[in-house]
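Below, each chain spelled out in residue letters.
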Amino acid sequence: MLVENELTKAIADLDENRAIALLKEGMDKGISGLDLLQACQEGMAEVGKRFECQDYFVADLVMSGELFNSLAALLEPALKAGGGKSAGTVVIGTVKGDIHNIGKDIVINMLKASNFEVHDLGVDVPPQIFVDKLKETGATVLGLSGLLTLAFSSMKATVDLISTAGLRDKVKIMIGGGPVDANVCRMVGADNWSNDAQKAVRFAQEWLA
């Protein structure tokens, strides 16, 4: 079996030691950083599928994100040398009044695994900070996260301020978090919603295609 295929399987199986060893083996053999990254992405995509099928759970997604971060750090020099092309730019953060970050961090890792440049603003982020970062980066996709129902008013305030700043027609906004649903999405004025990291990645891919 090719190193890339074995690497994909090791990531999908959440076998950290084997994945790291295979990545190093691939780099030693001169396999391009982009090819190894693609193998990592395919492994993460398989993790996402297993989560959707309920074979994996949130803890498994968290573990896969940590594994991907470790692999990405090892791959970074090779990717910079190879000039890998970004799939697009996404700004993301947990809104003002909420400090939960596990779901957000899972989405970030899945976006990075799909080659997006991600600007993570952290937690308890005021609306103006989102607007400033959108202007600074030129990002056209924004992710707003919140686990508490009190986050809904902050989400709406953020969307409203983006409109006031004249950016709303240039930016697609998705929201996510435990209590978020289609009604909340309509209320805050977002474009779409998801409590599924894989679906959030698909939205970004469709919007930036």
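Everything below is about the structure shown above.
Every chain is numbered on its own, with residues counted from 1 as its sequence reads. Per-residue local features of the predicted model are confined to residues with pLDDT of at least 70, and side-chain atom pairs are confined, for both listing and counting, to 80 or more; whole-chain, interface and lining totals are unaffected and use all residues. As a rule here, side-chain values cover all heavy atoms of the structure and leave hydrogens and water aside.

Student: Help me understand the overall build of the protein, please; the structure alone is not making it clear to me.
Tutor: Broken down by element type, the protein carries nine helices and five strands. Secondary structure elements of the protein occur, N-terminal to C-terminal, as α-α-α-α-β-α-β-α-β-α-β-α-β-α. Its C-alpha atoms give the protein a radius of gyration of 18 Å, near enough to 17 Å, the size a compact globule of 209 residues would have. Relative accessibility under 20% of the residue-type maximum defines a buried residue, over 50% an exposed one, and the middle range a partly exposed one, all with a 1.4 Å probe and only protein chains included. Residues classed as buried in the protein amount to 45% of the 209 residues present. In the protein, the share of contacts with a sequence separation of at least 24, taken over all contacts with a separation of at least 6, comes to 71%. Segments assigned H or I by DSSP are reported as helices when at least four residues long, segments assigned E as strands when at least two residues long, and all are numbered from the N terminus. The globule rule used for comparison is 2.2 Å times the number of residues to the exponent 0.38, while the radius of gyration itself is calculated over C-alpha atoms. Whether two residues are in contact is decided by their heavy atoms, any of which lying within 4.5 Å being enough.

Student: I'm lost on the pattern of salt bridges in this one. Help?
Tutor: Side chains that differ in sign of charge can pair as their charged atoms come close. One side-chain nitrogen of Lys or Arg within 4 Å of one carboxyl oxygen of Asp or Glu is enough to make a salt bridge. Under the definition given, this model contains 12 salt bridges. Of the charged contacts, one joins Asp105 and Lys104 as a salt bridge, the two residues approaching to 2.8 Å between their closest N and O atoms. On the basis of relative accessible area, Asp105 is assigned to the partly exposed category, the value being 27%. In this structure, Asp191 engages Arg168 in a salt bridge whose closest nitrogen and oxygen atoms are separated by 3.0 Å. A residue pair is termed long-range when its members are at least 10 positions apart, and Asp191 in the loop between helix H8 (182–188) and strand E5 (192–193) and Arg168 in the loop between helix H7 (151–164) and strand E4 (172–176) qualify at 23 residues. With a relative accessible area of 32%, Asp191 lands in the partly exposed category. Connected through salt bridges with shared partners, the residues Lys9, Asp13, Glu46 and Arg50 form a single ionic network.

Student: Got a minute to help me understand the pairing of strand E3 (residues 141–145) in this structure?
Tutor: Side chains on a regular strand alternate between the two faces of the sheet. In terms of burial, E3 is largely enclosed, as five of its five residues are buried. Covered by surrounding structure in E3 are Val141, Gly143 and Ser145 together with Leu142 and Leu144, the residues of both alternating faces. If DSSP finds at least two bridges between two strands, the strands pair. As defined by bridge partners, strand E1 (residues 89–94) adjoins E3 across five bridges and the pair is classed as parallel. Pairing of Gly93 across the sheet is with Leu144, part of E3. With five bridges joining them, E3 and E4 adopt parallel strand pairing. If you follow Gly143 over to E4, its bridge partner there is Met174. Crossover handedness is defined here as right-handed if the route from the first strand over the helix to the second strand goes clockwise, with the strands pointing away from the viewer. Between the parallel elements E3 and E4, the chain passes through H7 in a crossover that is right-handed.

Student: How should helix H2 (residues 16–28) be read in this particular structure?
Tutor: The α-helix advances 3.6 residues per turn, and as a result positions three or four apart in sequence lie on the same side. For a helix, the expected span equals 1.5 Å multiplied by the number of residues minus one. Taking 1.5 Å of rise per residue, the 13 residues of H2 would be expected to cover 18 Å, and the 18 Å separating its terminal C-alpha atoms lies within 8% of that figure. Within H2, the full set of buried residues consists of Ala19, Ile20, Leu22, Leu23 and Gly26. Around the axis of H2, the buried residues are gathered within 165 degrees of arc, so they sit on the same side. Exposed side of H2, more than 90 degrees from the buried face: Asn17 and Asp28 are the residues found there. One or two residues past the end of H2 sits Gly30, with phi positive at roughly 85 degrees. To obtain the arc, one takes the directions from the helix axis to the C-beta atoms.

Student: Teacher, can you tell me more about the pairing of E1 here?
Tutor: Taken across its six residues, E1 has six buried, putting it largely inside the fold. What you see with E1 is no split at all: Thr89, Val91 and Gly93 on one side and Val90, Ile92 and Thr94 on the other are buried throughout. Taken together, the four bridges between E1 and strand E2 (residues 117–120) define a ladder with parallel strand orientation. Looking across to E2, one finds that Val91 is bridged to His119. Taking the sense of rotation as the criterion, the β-α-β connection linking E1, helix H5 (residues 102–113) and E2 turns out right-handed.

No statement about biological role is implied by the geometric values presented.
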